[in-house]
Amino acid sequence: MPELPEVETTRRGIAPYIEGCEIREVIVRQPRLRTPVPDDLADTLVGQRIGTLGRRAKYLLMPVGDRTLLWHLGMSGSLRVARLGDMPRKHDHVDLVVEDGVILRYHDPRRFGFVDWLQGAPLEDPRLARLGPEPLSPDFDGERLYRLSRKRRIAVKPFLMDNTVVVGVGNIYASEALFLAGIDPRRAAGRISRERYERLAEAAREVLASAITQGGTTLRDFVSGTGEPGYFAQRLNVYGRQEAPCRRCGEPLRLVTLGQRASVFCPHCQR
C-alpha cells in the first residue's frame, strides 16, 4: 500500500508537469472506484487551471478553480505523467489531459483508491477532519505520544499507526522507527516512558524523511509520479526480513502479528 512517503514522492513528481496548467480534456475509462468518480468531473474540470498541489496524510489535494479534488491511491494506485500518444494500459482508469500534451494518468488495479471533490474547507471534510498531525510537523513529538498513550494497553506499534495519533506512519515505517528507537513493537503503549517516546518520535521523523528523499519504498505496485520506482526498500532493517539476521546484532529477526498486521522485530535490540 502506498504510504505517506510514496504519496509525497508522487506529489513532488507530478507537480512540475501540471501545476498552473489548463485542463483540456478528462477521460474516465472506469468510474467504479472505491468512491464512484463524480458525474460532473469532466464538465467541471475542463477549462480550469490546476493550482498548487497539497498533501494531507495519504491524500493528495488538487485545487482546480474554486474547488479541490481529493485523490487517494488506495492499495495499489498511482498517478503518473504520460504524453499524448502513450497508449493507456489495463487499469488506467482516469486521464486529465493538460497543456502541451501532458496527461496525468490514474492507474489502480484493485480500484481501492478514488478521486472525489473535497467537501468544504480542507479541515472540515469528514475524511480529513479527525486526522492527527503530520509526522514531520512541529505538532508531532514524543510528548504527544506519551500523553495520548497513558493507560493504553494497545501494543505500541498499532498505537503509532493510529491516524488520530499521527498520520502516515504505516506498517513499513512504524516497524523501521521502532527498530531505530529500540522498542519492542509488542510493548503496551502505556508502559513506555516519555524519554523513549522522544526517541521514537525522532526515529519516525528520520525514517520518513529518509524514505521521501529516496523516493519511497519499492513495492510491487508503486512507482513515483514520473514512473520511477522507489529505492528505500534497499535500506529496510526489519520489514519483510523475518528470520534474516539483524543488521545490528546478527540475531534472527522474529515475525509476530499485531493489529492484524505482520510485524518483524529484533528481540535482542528491541526491548
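Please refer to the structure higher up on the page.
From a predicted model like this one, the values you see are computed outputs, not experimental measurements.

**Student:** Lay out unusual backbone geometry with the relevant residues and their values.
**Tutor:** A positive phi angle, near 60°, is found at R111, a position not held by glycine. By relative accessible area, which is 31% here, R111 ends up partly exposed. One non-glycine residue with positive phi stands out, namely K151, at about 65°.

**Student:** Lay out the pattern of salt bridges with the relevant residues and their values.
**Tutor:** Inspection of every chain in the model, using the stated rule, returns 17 salt bridges. A salt bridge links E8 to R11; the nearest nitrogen and oxygen atoms lie 2.8 Å apart. Here E8 pairs with R11, and both are found in helix 1 (residues 4–18), just 3 residues apart, close to one helical turn. As far as burial versus exposure is concerned, E8 and R11 are alike and both buried. A salt bridge links R127 to D116; its shortest N-O distance comes to 2.9 Å. Residue R127 is found in the loop between strand 8 (114–117) and helix 3 (142–149), and its partner D116 is found in strand 8; the two are separated by 11 residues along the sequence. You'll find R127 and D116 in the same group, each marked buried.

**Student:** How would you sum up the packing of aromatic side chains? Please name residues and give values.
**Tutor:** Scanning all chains against the criterion turns up 3 aromatic pairs. Consider the rings of Y59 and F114, whose centres lie 6.3 Å apart with planes at 55°: the pair is tilted. Residue Y59 is located in strand 3 (residues 59–64), and its partner F114 is located in strand 8; the two are separated by 55 residues in the primary sequence. The buried category is assigned to Y59, whose relative accessible area is 13%. A residue is classified by how much of its surface remains accessible, and F114, at 1% relative accessible area, is buried. Here R67 stacks its cationic end above the ring of W117, 4.0 Å away from the centre of that ring. Here the guanidinium or amino end of R248 rests over the ring plane of F179, the centre of that ring lying 4.4 Å away.

**Student:** Tell me about the pairing of strand 3, residues and numbers included.
**Tutor:** On a regular strand, one side chain projects to one face of the sheet and the next to the other, so that they alternate. Burial within strand 3 is extensive, with 5 of its 6 residues counted as buried. Bridge analysis of strand 2 (residues 54–56) against strand 3 gives 3 bridges, and the strand direction is antiparallel. Within strand 3, the residue paired with R56 across the bridge is Y59. Between the antiparallel neighbours strand 2 and strand 3 lie 2 residues, among them A57 with a positive phi of about 55°. Of the pairings in the sheet, the one linking strand 3 to strand 4 (residues 67–72) comprises 6 bridges and is antiparallel in character. Each bridged residue has a counterpart across the sheet, and for L60 the counterpart in strand 4 is W71. Where strand 3 folds back on strand 4, the antiparallel hairpin that results is connected by 2 residues, among which G65 adopts a positive phi of roughly 60°.

**Student:** Tell me about the nonpolar core, and name the residues and values.
**Tutor:** Among the nonpolar cores identified, the biggest contains 28 residues, and I18, L45, M62, L69 and W71 are the most heavily contacted of them. Those elements giving two or more residues to this core turn out to be helix 1, strand 1 (23–28), helix 2 (41–45), strand 3, strand 4, strand 6 (92–98), strand 7 (102–107) and strand 8. The element that contributes the greatest number of residues to this core is helix 1, accounting for 4 residues. Contact partners of M62, with chain neighbours within four places excluded, come to I18, I50, L53, R67, T68, L69, W71, L96 and L104.

Reading guide: rules and limits
Residues numbered from 1 in each chain as written. Predicted model: local features only at pLDDT ≥ 70, side-chain atom pairs only at ≥ 80, totals over all residues. Heavy atoms only, no water. Buried < 20%, exposed > 50% of the residue type's maximum accessible area, 1.4 Å probe, protein only. Salt bridge = Lys/Arg side-chain N within 4 Å of Asp/Glu carboxyl O. Helix = DSSP H or I, 4+ residues; strand = E, 2+ residues; numbered from the N terminus. Phe/Tyr/Trp six-rings, centres within 6.5 Å; stacked < 30°, edge-to-face > 60°. Lys NZ or Arg CZ within 6 Å of the ring centre and 35° of its normal. Pairing = 2+ DSSP bridges. Core = buried A, V, L, I, M, F, W, Y, C linked by side-chain atoms within 4.5 Å. Contact = heavy atoms within 4.5 Å.

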